[in-house]
There are 2 protein chains.
Amino acid sequence: MAHDHSGHDHVWADDLTRNQELVLGTLAHAEAPMSAYDILDKLRDEGLRAPLQVYRALDKLTERGLAHRLESLNAFVCCADAQCHKAGTIAFAICETCGRVEEFAEPTVEQKLSGWSRAAGFVPARMTIELRGTCRGCVSSLPA
Amino acid sequence: MAHDHSGHDHVWADDLTRNQELVLGTLAHAEAPMSAYDILDKLRDEGLRAPLQVYRALDKLTERGLAHRLESLNAFVCCADAQCHKAGTIAFAICETCGRVEEFAEPTVEQKLSGWSRAAGFVPARMTIELRGTCRGCVSSLPA
DNA sequence: GGTGATATGTTATCTTATTACATCGCACCG
DNA sequence: CGGTGCGATGTAATAAGATAACATATCACC
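Rules used in this analysis
- Residues numbered from 1 in each chain as written.
- Chains lettered and ligands numbered in written order.
- Predicted model: local features only at pLDDT ≥ 70, side-chain atom pairs only at ≥ 80, totals over all residues.
- Heavy atoms only, no water.
- Near = heavy atom within 4 Å.
- Polar contact = N/O pair within 3.5 Å; in protein donor to acceptor, adjacent residues only side chain to side chain.
- Salt bridge = Lys/Arg side-chain N within 4 Å of Asp/Glu carboxyl O.
- Helix = DSSP H or I, 4+ residues; strand = E, 2+ residues; numbered from the N terminus.
- Buried < 20%, exposed > 50% of the residue type's maximum accessible area, 1.4 Å probe, protein only.
- Axes fitted to C-alpha atoms, helices over the stretch in contact; angles between N-to-C directions.
- Parallel < 35°, antiparallel > 145°, perpendicular 65-115°, else oblique.
- Contact = heavy atoms within 4.5 Å.
- Nonpolar A, V, L, I, M, F, W, Y, C, P; charged D, E, K, R; others polar.
- Least-squares fit on C-alpha atoms with pLDDT ≥ 70 in both.

Lining the immediate surroundings of DNA strand C are 15 residues, of which Tyr37 and Arg69 of chain A together with Thr17, Gln53 and Arg56 of chain B lie closest. When atoms of DNA strand C within 4 Å of the protein are split into backbone and base, the sugar-phosphate part holds 44%. At 2.6 Å, a side-chain N or O of Tyr37 of chain A approaches a base nitrogen of DNA strand C. In the model, a base nitrogen of DNA strand C is placed 2.4 Å from a nitrogen or oxygen of the Arg56 of chain B side chain.

Glancing now at the pattern of salt bridges. In this structure the tally under the stated criterion is 13 salt bridges over all chains. The partner of Glu96 of chain B in a salt bridge is Arg132 of chain B, and the shortest N-O contact between them spans 3.1 Å. You can see Glu96 of chain B sitting in the loop between strand E3 (91-95) and strand E4 (101-104) and its partner Arg132 of chain B sitting in strand E5 (residues 123-134), a full 36 residues away along the chain. Note on Glu96 of chain B: relative accessible area 43%, which makes it partly exposed. A residue is classified by how much of its surface remains accessible, and Arg132 of chain B, at 11% relative accessible area, is buried. When salt bridges with common partners are traced through the structure, they connect Glu96 and Arg132 of chain A together with Arg69, Glu71 and Arg126 of chain B into a single cluster.

Turning to the packing of helix H1 (residues 18-29) of chain B against helix H3 (residues 51-63) of chain B, a few remarks are in order. Residue and element names in this part refer to chain B. Between H1 and H3, the least distance of the axes is 9 Å, while the angle of their chain directions is 80°. By the angle class used here, H1 and H3 are roughly perpendicular. Together, Asn19, Gln20, Val23, Leu24 and Leu27 of H1 and Gln53, Val54, Ala57, Leu58, Lys60 and Leu61 of H3 make up the contact between the two elements. In terms of residue class, the contact of H1 with H3 is made up of seven nonpolar, three polar and one charged.

Attention now goes to the relation of the copies chain A and chain B. Laying chain A over chain B is done by rotating through 180° and shifting 0.0 Å along the axis; what remains is an RMSD of 0.0 Å. Each copy turns onto its partner about a two-fold axis. A symmetric contact is evident, with 100% of the interface residues of chain A recurring at the interface of chain B.

A separate point is the protein's contact with DNA strand D. Around DNA strand D sit 15 residues, and of these Thr17, Gln53 and Arg56 of chain A together with Tyr37 and Arg69 of chain B come closest. Of everything in DNA strand D that lies within 4 Å of the protein, sugar and phosphate atoms constitute 48%. Interatomic distance of 2.5 Å between a side-chain N/O atom of Arg56 of chain A and a base nitrogen of DNA strand D. Note that a base nitrogen of DNA strand D is positioned 2.7 Å from one of the side-chain N or O atoms of Tyr37 of chain B. At the level of secondary structure, the elements contributing two or more residues to the surface near DNA strand D comprise helix H1 (18-29) and helix H3 (51-63) of chain A together with H3 of chain B. For the surface near DNA strand D, the element with the most residues is H3 of chain A, which contributes four residues.

Right, dumping it as structure tokens:
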């Protein structure tokens, strides 16, 4: 981490375009996943006007693993640690109460799914693993 | 159940409403996942006119495990074997070439994800596991 | 017959995502 | 310098997916 977000955007990758930087910066400051339109609304002041500008940036960012798309939410998050592109598939735990998302890796899970694929003759291009539920904080602060 | 609507439906559950039966029947005959609007189009002749009629049926069907929603596709499939609600989470392998979907269970995967959840204090309500890629048939019939 | 729960039908609207087309900036090459 | 190609941009229009709000109907049950 070690990045102050004080003045302007900073910089995990040094070759982002302006729009990509804006979008990634917005995601980086968000507590919860944002839809493309959420992001657009945050960036109107910076001059963005059309959904496509956001979608194009998101495409590049997700391609590079700097952001992730949550399929079950149609929304996006900043990658939790863009430093190490820890290879491999990432899983997400999405709290339906507070909206926050935790990103984690479970190598065994990936292995098992790859194993099934091999056996079935299926060639996987990408894997989506998303848990919906209630996070620790929300569980403890809610009634049964 | 017992009404046979002119021949086309096996019957898994005998207490479906007309709309639910129509929607499930449509999915059961489909080769590939269908969006709610695909389903609606197929059912105009039967008198359905509004998306909501389809969505409402799909809600009930997915609740009961007779159909599944594919989050990464915004589309729906008929459950592969509605007989045994094989408890537990189901995973899907989606062929991006032919569109077909295979449904499978990997208990170990579910265990691992439950294990992570327990450790993280996360209480999962449901899990989504979807592989995108190329199926055996399409791999062998394609170049490279 | 009255009541409540569930299913329906219909319209309008909202959210999410893409198509199509024009332009700009810049590296690269002759 | 001029040209060519490619990737990013800007903009408008529209497609695709999902829900809100409201009115009505059906049926079990008392």
